Structures are given as C-alpha cells and as structure tokens.
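Fold and geometry: a report
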Amino acid sequence: VHACLCLAQIAVLHRVEWLSARLGSRARYLALSTFVPGVSFVVLAYSDHPLATLAAVLSAAGFGLSRTPVLSAERNRSIPSSQRATVLSVISMCR
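Residues numbered from 1 in each chain as written. Predicted model: local features only at pLDDT ≥ 70, side-chain atom pairs only at ≥ 80, totals over all residues. Heavy atoms only, no water.

Moving on, we get to the overall build of the protein chain. Looking only at helices and strands, the protein chain has 6 helices and 0 strands in total. Listed by position from the N terminus, the elements making up the protein chain come as α-α-α-α-α-α. Here the protein chain has a C-alpha radius of gyration of 16 Å; the compact-globule value for 95 residues is 12 Å, and the former is much larger. With the C-alpha coordinates aligned to their principal axes, the bounding extent of the protein chain is approximately 55 × 30 × 20 Å. (Helix = DSSP H or I, 4+ residues; strand = E, 2+ residues; numbered from the N terminus. Rg over C-alpha atoms; globule rule 2.2 N^0.38 Å.)

Below, the structure is given as structure tokens:
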C-alpha cells in the first residue's frame, strides 16, 4: 500500500512543471494540490465502488504528498544561497 502511495506521489511530482505551465503558475498548482485531496476525501466518503475508492486514495496521496517537496523547492529558490543555511535553520527552529 505504501509503495502505491509513493508511486502516486512520484507520478505527480514528475509532472509538476507541466501542470504548473498548464495552470499558468506554481501558485495555481499549489491550489490544485490542495483542492484535489479535498475532493478525493469527499469521494471516499460517498464511494462504494472499489475502483473509485482506489482512484480517490491515489489522487489524494499523489497530490497531497507533492506539496511538501514543491514548497521546499520554492522556499530554497527564494532564499539567496549566502543566507540559505541560516534562514532554513531559523525556519526549522520556529516549527
């Protein structure tokens, strides 16, 4: 089960640039990656068909788990390299 969820995440992460280009921006992709798991959880609540359940779980995992690496890459891109270690340490401390 865990391997299938990881494969769904890999599949989505492989297409992040394409999806961002299609949607017009990385911010719109992040909005989509919030919306899709929410819709998937609603589908899970009302689904009684095994294939719909499987599709909902895989789409929720694929899009939901893709947010952390995408946000991390955006954060690293926006911080100048001379200050990156210090800023990431402060961010880590504040969590």
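Contact pair helix α1 (residues 2-14) / helix α4 (residues 50-64): the axes reach a minimum separation of 7 Å and the direction vectors enclose 55 degrees. Considering the angle they form, α1 stands oblique to α4. Judged by the sense of rotation from one axis to the other, the crossing of α1 with α4 is right-handed. Contact with α1, carried on its side by C4, L5, A8, Q9 and V12, involves V57, L58, A61, G62 and F63 of α4 and no other residues of that element. Looking at the contact of α1 with α4 residue by residue, the class counts come to 8 nonpolar, 2 polar and no charged. (Axes fitted to C-alpha atoms, helices over the stretch in contact; angles between N-to-C directions. Parallel < 35°, antiparallel > 145°, perpendicular 65-115°, else oblique. Left-handed = near helix turned anticlockwise from the far one by under 90°. Contact = heavy atoms within 4.5 Å. Nonpolar A, V, L, I, M, F, W, Y, C, P; charged D, E, K, R; others polar.)

Another aspect to go through is the environment of L23. Among the structural elements, L23 can be located in helix α2 (residues 16-23). The residues contacting L23, other than those within four sequence positions of it, are R28, Y29 and L32.

Tracing the backbone through its elements, the reader meets R26 in helix α3 (residues 26-46). R26 has contacts with V16, E17, S20, V70, E74 and R77, leaving out every residue within four places of it along the chain.

A few words now on the packing of aromatic side chains. Tallying each qualifying case throughout the model produces 0 aromatic pairs. A cation over an aromatic ring shows up here: R15 above the ring of W18, its NZ or CZ 4.5 Å from the ring centre. (Phe/Tyr/Trp six-rings, centres within 6.5 Å; stacked < 30°, edge-to-face > 60°. Lys NZ or Arg CZ within 6 Å of the ring centre and 35° of its normal.)

A separate point is the pattern of salt bridges. Charged atoms that come close allow side chains of opposite charge to pair. Applying the stated criterion across every chain, the model contains 3 salt bridges. The closest approach of N and O atoms between R26 and E17, which form a salt bridge, is 2.5 Å. Close ionic contact of R77 with E74 constitutes a salt bridge, the shortest N to O distance being 3.0 Å. Highlighted residues: R77 and E74, both in helix α5 (residues 67-78), separated by 3 residues, approximately one helical turn. Accessibility expressed as a relative area gives 55% for R77, which makes it exposed. (Salt bridge = Lys/Arg side-chain N within 4 Å of Asp/Glu carboxyl O. Buried < 20%, exposed > 50% of the residue type's maximum accessible area, 1.4 Å probe, protein only.)

Bringing a nonpolar patch on the surface into the picture now. A cluster of nonpolar side chains, F35, V39 and V43, forms an exposed patch at the surface whose accessible area comes to about 260 Å². Mapped onto the secondary structure, V43 falls in helix α3. (Patch = residues over 30% accessible without salt bridge, like charges linked within 9 Å, V, L, I, M, F, W, Y side chains within 5 Å. Areas by Shrake-Rupley, 256 points an atom, 1.4 Å probe, with all protein chains shown as cover.)

Such coordinate-based values are descriptive only and should not be taken to indicate function.
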